Amino acid sequence: MWHTLSEPWKECFNQAWLSYCNGSFPIGAVIVDGSENIISKGRNTVYETEAMPNEICNNKIAHAEINAILKINNLETNAMRKEYELYSTMEPCPLCFGAIVMSGITNIHYAARDRLVGATNLKDGNAYLQGKNINISGPHKELEIVQFVLKTDFVLRRGHSVDRLLQTWEQDCPIGIAIGRKWYETNKLIQAKQEKKDISTIVDEIIAELEALKESGGIKK
């Protein structure tokens, strides 16, 4: 699967894996220009004490989308920024959605929906937001599964309102949560981290497991 992904999605998941390996929520984001060139990238650094230039860390608002937005030139004309597109491995939360809107970006792509804190439904919340004509694309089925494998393992290790989170996510992506639980129990991601595996290998292994489940009748094709 990895070889079929666009460069923005590849970099998003690379950033998410970097966050996982550094002890933060596995979420990554990139911003591309009108020619689809990646001009900025960011990752969650909530639990880290060091950050790249123009990023924040060790703070509850150190989200992937925020760190990506902080690196773009917000003095550019609105017309130029309206061509920008933001990609994220997870549906933006209220904080990040607001930052995206206020930055002038009107095109959002996300891999996995977040029924609990996802906020893309705010795009029609009032006249101001409606006037922004925000375009939203997501979720993306297989990428959603990959994201939830990473997130499930992470929250199980951190103990973040586990039952509430997983029960909510299971409503939309039960297979992603199931594989995530299995990988948590077998320490597969921890082993991948120790072996310094590339995210491309991890993504392909998740999709291979998904296909095996389909062939065995474990899930519907």
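Nothing here was measured: the structure is a model prediction, and the numbers come from that model. (Residues numbered from 1 in each chain as written. Predicted model: local features only at pLDDT ≥ 70, side-chain atom pairs only at ≥ 80, totals over all residues. Heavy atoms only, no water.)

Colleague: So what exactly am I meant to see when it comes to helix H7 (residues 162-170) here?
Modeller: What H7 keeps buried is the set Val-162, Leu-165, Leu-166, Thr-168 and Trp-169. Down the axis, H7 shows its buried residues gathered within 160° of arc, on one side only. Facing away from the buried surface of H7 by more than 90 degrees, the exposed residues are Asp-163, Arg-164 and Gln-167. On its buried face, H7 sits against strand S3 (85-90), helix H6 (141-158) and helix H8 (174-185). (Buried < 20%, exposed > 50% of the residue type's maximum accessible area, 1.4 Å probe, protein only. Helix = DSSP H or I, 4+ residues; strand = E, 2+ residues; numbered from the N terminus. Arc of directions from axis to C-beta. Contact = heavy atoms within 4.5 Å.)

Colleague: How do you make sense of the pairing of strand S4 (residues 107-112) when you look at a structure like this?
Modeller: Along any regular strand the residues' side chains alternate between the sheet's two faces. Counting buried positions over the 6 residues of S4 gives 6, a clear majority of the element. Crossover handedness for the path S3 to helix H4 (residues 94-103) to S4: right-handed. The pairing of S4 with strand S5 (residues 135-137) spans 3 bridges and is parallel. In the sheet register, Asn-107 faces S5, and the bridge partner there is Asn-135. (Right-handed = clockwise from strand over helix to strand, strands pointing away. Pairing = 2+ DSSP bridges.)

Colleague: Even after reading the chapter, I still don't get the nonpolar core, so can you show me in this structure?
Modeller: One broad trend across soluble globular proteins is that nonpolar side chains are buried collectively. Trp-9, Phe-13, Trp-17, Ile-31, Trp-169 and Ile-202 are the most contacted members of the largest nonpolar core, which has 59 residues in total. Per element, the largest residue contribution to this core is 9 residues, and it comes from H6. If we skip the residues at most four places from it in the chain, Ile-202 touches Trp-17, Trp-183, Leu-189, Ala-192 and Lys-197. (Core = buried A, V, L, I, M, F, W, Y, C linked by side-chain atoms within 4.5 Å.)

Colleague: When you look at the packing of aromatic side chains in this model, what are you seeing that I'm missing?
Modeller: Scanning all chains against the criterion turns up 6 aromatic pairs. Summarising the aromatic geometry, the rings of Trp-9 and Phe-13 are spaced 6.5 Å apart at their centres and angled 45° between planes, so their arrangement reads as tilted. Of this pair, Trp-9 and Phe-13 are both found in helix H1 (residues 7-21), 4 residues apart, which corresponds to roughly one turn of the helix. Residue classification places Trp-9 among the buried positions, given a relative accessible area of 8%. The buried category is assigned to Phe-13, whose relative accessible area is 0%. Summarising the aromatic geometry, the rings of Phe-25 and Tyr-47 are spaced 5.6 Å apart at their centres and angled 35° between planes, so their arrangement reads as tilted. With Phe-25 in the loop between H1 and strand S1 (28-32) and Tyr-47 in the loop between strand S2 (38-43) and helix H2 (64-69), the pair connects residues that are 22 residues apart, well separated along the chain. For Tyr-47, a relative accessible area of 31% gives the class partly exposed. Chaining the aromatic ring pairs together yields one cluster made of Trp-9, Phe-13 and Tyr-87. The ring of Tyr-47 carries Arg-158 above its face, with NZ or CZ at 3.9 Å from the centroid. (Phe/Tyr/Trp six-rings, centres within 6.5 Å; stacked < 30°, edge-to-face > 60°. Lys NZ or Arg CZ within 6 Å of the ring centre and 35° of its normal.)

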